[in-house]
Amino acid sequence: MSRKRTHEVAFSEPVTVPFKKRIPAGHANFTIEVPKSYSDMRFFFSSFYITPDFYSTEAALEELEDPEEAETPIVYEMGVKNVYPKKGDFYTGSFELDKSVTKTAQVMTKVNAFFEGHKPQICLSLGTFFDWTDERFDAEMTTWDEFMEIMAMEYYGEALDKNKHYNALPVSARSIPDVNNYLFPTEEVEDLRENIRFRLSIAPNTGTYFSTDGHLRAMGFTQDQIGKRIGRQKFAFKNEEYGYFEMIYADDAPRFDIPQESLKNPLKIDIKVLTSV
């Protein structure tokens with residue numbers, strides 16, 4: 001197993017720490033204790049070997065096993081358990097949208113920038129963000145880059161220029177599968193708007209909580225998707241999976257402008273770890 005500090009200045013190269021654990025017959029779990037002083041490091045297995053115990057080794061040496069049976073691949077599912085000692089302190093900061101923001105595309109930009117800036121240092125990617133897609137895009141027919149070459153004039157009123165129109169997402173979101181890294185359309189055309197959909201992405205084991213639903217409805221998320229507020233709680237979107245980001249597509253086309261009645265209620269967003277283990 002190797003470890004590497006997230007502070008690149010402290011360790012420029014990974015530090016390899018060999019370990020050996022015995023797993024008793026009938027068991028499949030083992031634990032590696034990590035000192036608290038290493039909590040700011042990033043851990044990974046650089047190599048991993050499982051050695052059969054005495055009886056299996058002896059059986060192989062004495063040729064007591066059926067060759068066909070010995071050569072049959074056996075698939076084992078493996079996993080890693082991660083513990084958040086203080087899950088309430090994992091994501092810091094509470095986003096609050098400036099009341100001067102009146103465009104739904106600006107909501108996306110502001111939210112993304114805030115959570116990129118408040119990304120836990122130990123995480124590879126931010127906890128939540130918005131991007132967008134077009135209902136007319138068909139991944140089986142073309143790539144998104146090819147699609148953008150065709151659609152750029154409709155989206156931006158000019159030919160595609162990657163220096164202007166690409167890398168619109170925060171840096172840590174760009175490598176997440178299936179995201180759209182292109183700038184939101186700048187041309188406010190009704191036919192175009194009808195095909196656009198915002199998407200909300202949420203990190204594994206993370207909940208995203210909205211203080212009001214007006215901005216979400218302006219972005220095309222329906223009341224069925226948003227759900228109901230319970231008491232004084234916020235509107236919640238949760239990703240209870242542990243292995244991948246969840247992407248939620250807005251059911252409806254967005255508005256370009258946020259309705260005046262929605263601007264009266266300030267938008268606040270918090271993200272939290274759902275479970276401590």
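Residues numbered from 1 in each chain as written. Predicted model: local features only at pLDDT ≥ 70, side-chain atom pairs only at ≥ 80, totals over all residues. Heavy atoms only, no water.

1. Some thoughts on the overall build of the chain
Our working definition: Secondary structure elements follow DSSP: runs of H or I of four or more residues count as helices, runs of E of two or more count as strands, with numbering from the N terminus. Here, two residues are considered to be in contact whenever any of their heavy atoms come within 4.5 Å of each other. With residues, only the protein chains shown are counted as cover, and all accessible areas are computed by Shrake-Rupley using a 1.4 Å probe. His is not counted, nor are the chain ends, whereas Lys and Arg count as positive and Asp and Glu as negative. To locate a charge, take NZ of a lysine, CZ of an arginine, CG of an aspartate or CD of a glutamate.
When helices and strands are tallied, the chain shows 9 helices and 10 strands. C-alpha atoms of the chain, sized along the principal axes, occupy 80 × 45 × 40 Å. The contacts in the chain between residues at least 6 apart in sequence include a share of 71% that link residues at least 24 apart. In the structure as shown, the chain presents an accessible area of about 18,100 Å², 51% of it carried by carbon and sulfur atoms. Charge-centre separation for the chain: the mean point of 32 positive side chains lies 13 Å from the mean point of 45 negative side chains.

2. Some details on a nonpolar patch on the surface
Definition in use: Two joining distances apply to patches: 9 Å for like charges and 5 Å for nonpolar side chains (Val, Leu, Ile, Met, Phe, Trp, Tyr), and every residue must have over 30% relative accessible area and no salt bridge. Salt bridge, as used here: a side-chain nitrogen of Lys or Arg that lies within 4 Å of a carboxyl oxygen of Asp or Glu. Burial classification: accessible surface area is computed with a 1.4 Å probe over protein chains only, and a residue below 20% of its type maximum counts as buried, one above 50% as exposed, and the rest as partly exposed.
On the surface, F19, F45, F48, I50, I74, Y76, M78 and V80 cluster together into a nonpolar patch covering about 920 Å² of accessible area. Inspection of the secondary structure assignment puts F19 in the loop between strand 2 (15-16) and strand 3 (41-44). Taking the relative accessible area as the measure of exposure, F19 reaches 31% and is therefore partly exposed.

3. A look at the packing of aromatic side chains
Note the following rule: Pairing of aromatic rings covers Phe, Tyr and the six-membered ring of Trp, with a centre-to-centre limit of 6.5 Å; geometry is then stacked below 30 degrees between planes, edge-to-face above 60, and tilted otherwise. Placement of a positive charge over a ring is assigned whenever Lys NZ or Arg CZ falls within 6 Å of the ring centre and within 35 degrees of the normal to the ring plane.
Tallied over the entire structure, the rule returns 19 aromatic pairs. Seen in terms of ring centroids, F95 and F114 are 5.4 Å apart; in terms of plane orientation they differ by 65°. Their pairing is edge-to-face. Note that F95 is positioned in strand 4 (residues 95-96) and F114 in helix 3 (residues 104-117), a separation of 19 residues in sequence. Accessibility classification places F95 together with F114 in one group, the buried group. An angle of 65° between the planes, with centres 6.0 Å apart, marks the rings of Y155 and Y156 as edge-to-face. Taken together, the ring pairs in this structure connect W132, F137, W144, F147, Y155, Y156, F184 and F198 into an aromatic cluster. Across the ring face of Y166, the terminal group of K162 is positioned such that the distance to the ring centre comes to 4.8 Å.

4. Overview of the side chain of S172
Worth spelling out the cut-off: Polar contacts, as counted here, are pairs of nitrogen or oxygen atoms within 3.5 Å of one another; within protein the pair requires one atom able to donate a hydrogen and one able to accept it, and residues that are adjacent in sequence qualify only if both atoms are side-chain atoms.
For S172, the position within the fold is in the loop between helix 5 (162-165) and helix 6 (190-193). Given the relative accessible area of 6%, S172 is considered buried. At a separation of 3.1 Å, a polar atom in the side chain of S172 contacts the main-chain amide nitrogen of L126. Those residues in contact with S172, other than ones at most four positions away along the chain, are E116, K119, L124, S125 and L126.

5. Describing the sheet that holds strand 9 (residues 246-249)
Pairing between sheet strands relies on hydrogen bonds along the backbone, with the strands arranged either parallel or antiparallel. Note the following rule: Only when DSSP finds a minimum of two bridges between them are two strands counted as paired. Angles here are taken between N-to-C directions and fall from 0 to 180 degrees, while the axes themselves are lines fitted to C-alpha atoms, restricted in helices to the stretch in contact.
Pairing is antiparallel across the open sheet formed by 3 strands, whose spatial order is 5-6-9. Either end of the sheet is taken by a strand with one partner, and the two such strands are strand 5 (128-134) and strand 9. Each adjacent strand pair in this sheet contributes to an overall mean axis angle of 30°, direction not counted. Packing of helix 3 onto the sheet brings it into contact with strand 5 and strand 6 (196-202), and relative to strand 5 it is tilted by some 140°.

6. Digging into a negative patch on the surface
A surface patch of like charges, here negative, comprises E65, D66, E68, E69 and E71. Examined against the element boundaries, E71 turns out to sit in the loop between helix 2 (67-70) and strand 4.

7. Structural notes on the confidence of the model for the chain
Caution is warranted with low-pLDDT regions, since their predicted coordinates should not be read in detail. What counts, and what does not: Each residue carries a pLDDT value, the predictor's own confidence for that position, ranging from 0 to 100.
Chain-level statistics for the chain give a pLDDT mean of 87 and a share of 92% at 70 or above. Counting contacts from residues 1-11, a segment whose pLDDT is below 50, to residues more than four positions away or on other chains yields 42 contacts.

8. With respect to unusual backbone geometry
Both trends apply: most residues other than glycine have a negative phi, and most peptide bonds are in trans. For N167, which is not glycine, the phi torsion reads 60° and is therefore positive. Along the chain, N167 falls in the loop between helix 5 and helix 6. Phi angles above zero are rare outside glycine, and N205 is one such case at about 55°. Along the chain, N205 falls in the loop between strand 6 and strand 7 (206-210).

9. Thoughts on helix 3
Worth spelling out the cut-off: By definition here, a helix of n residues has an expected span of 1.5 Å times n minus one.
The first and last C-alpha atoms of helix 3 sit 20 Å apart over 14 residues, in line with the 20 Å expected at 1.5 Å per residue. The inward-facing, buried residues of helix 3 contact strand 4, strand 5, strand 6, helix 7 (214-218) and strand 10 (268-273).

10. A word on the side chain of R197
Mapped onto the elements, R197 comes out in strand 6. A polar contact is formed between the side chain of R197 and the backbone oxygen of D251, at a distance of 3.3 Å. Ignoring any residue separated from it by four or fewer positions in sequence, one finds R197 in contact with D131, W132, T133, E135, A250, D251, D252 and A253.

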